[in-house]
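Observations on the three-dimensional arrangement
Letter by letter, the chains look like this.
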Amino acid sequence: MTIFFSIIFLISSISLIVSVLLQESKSEGLGALTGGGQNAFGRSKLRTFEAMLSKITTVSAIVFMISALVLAVI
């Protein structure tokens with residue numbers, strides 16, 4: 001049982017790291033003042049990718065925390 005949760009813990013930690021690193025920064029800096037953050041074609045394709053990354057991050061964080069708690073109890 002410990003090996004199973006250790007593997008789940010490892011997979012969720014790797015997916016959490018990758019999904020956080022792939023996400024785009026929320027701080028636009030000085031580019032927000034001039035409107036340089038958006039292009040002429042809109043951001044519909046990026047929004048779906050950002051939403052998917054956000055969901056992956058949320059799920060992997062929940063699995064990470066649950067598996068960490070279970071491993072601490074075992």
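Residues numbered from 1 in each chain as written. Predicted model: local features only at pLDDT ≥ 70, side-chain atom pairs only at ≥ 80, totals over all residues. Heavy atoms only, no water.

1. What about the confidence of the model for the protein?
Taken over all residues, the pLDDT of the protein has a mean of 83, while the share at 70 or more is 73%. Helix α2 (residues 31-34) is the least confidently modelled element of the protein, averaging 57 in pLDDT, while helix α1 (residues 2-22) averages 95, the highest of any element. (pLDDT = per-residue confidence, 0-100. Helix = DSSP H or I, 4+ residues; strand = E, 2+ residues; numbered from the N terminus.)

2. Structural notes on α1
End to end, α1 covers 30 Å across 21 residues, agreeing with the expected 30 Å (1.5 Å per residue, within 8%). For α1, the complete set of buried residues consists of Phe-5, Ser-12, Ser-13 and Ser-19. Summarising the axial view, the buried residues of α1 lie within an arc of 140 degrees, below the 170-degree limit, and thus occupy one face. For α1, exposure combined with an orientation more than 90 degrees from the buried face picks out Ile-3, Ile-11, Ile-17, Leu-21 and Leu-22. (Expected span 1.5 Å × (residues − 1). Buried < 20%, exposed > 50% of the residue type's maximum accessible area, 1.4 Å probe, protein only. Arc of directions from axis to C-beta.)

3. Comments concerning the side chain of Ser-67
Within the fold, Ser-67 resides in helix α3 (residues 44-73). Once residues lying within four places of it in the same chain are set aside, the contact partners of Ser-67 are Phe-5, Ile-8, Phe-9 and Ser-12. (Contact = heavy atoms within 4.5 Å.)

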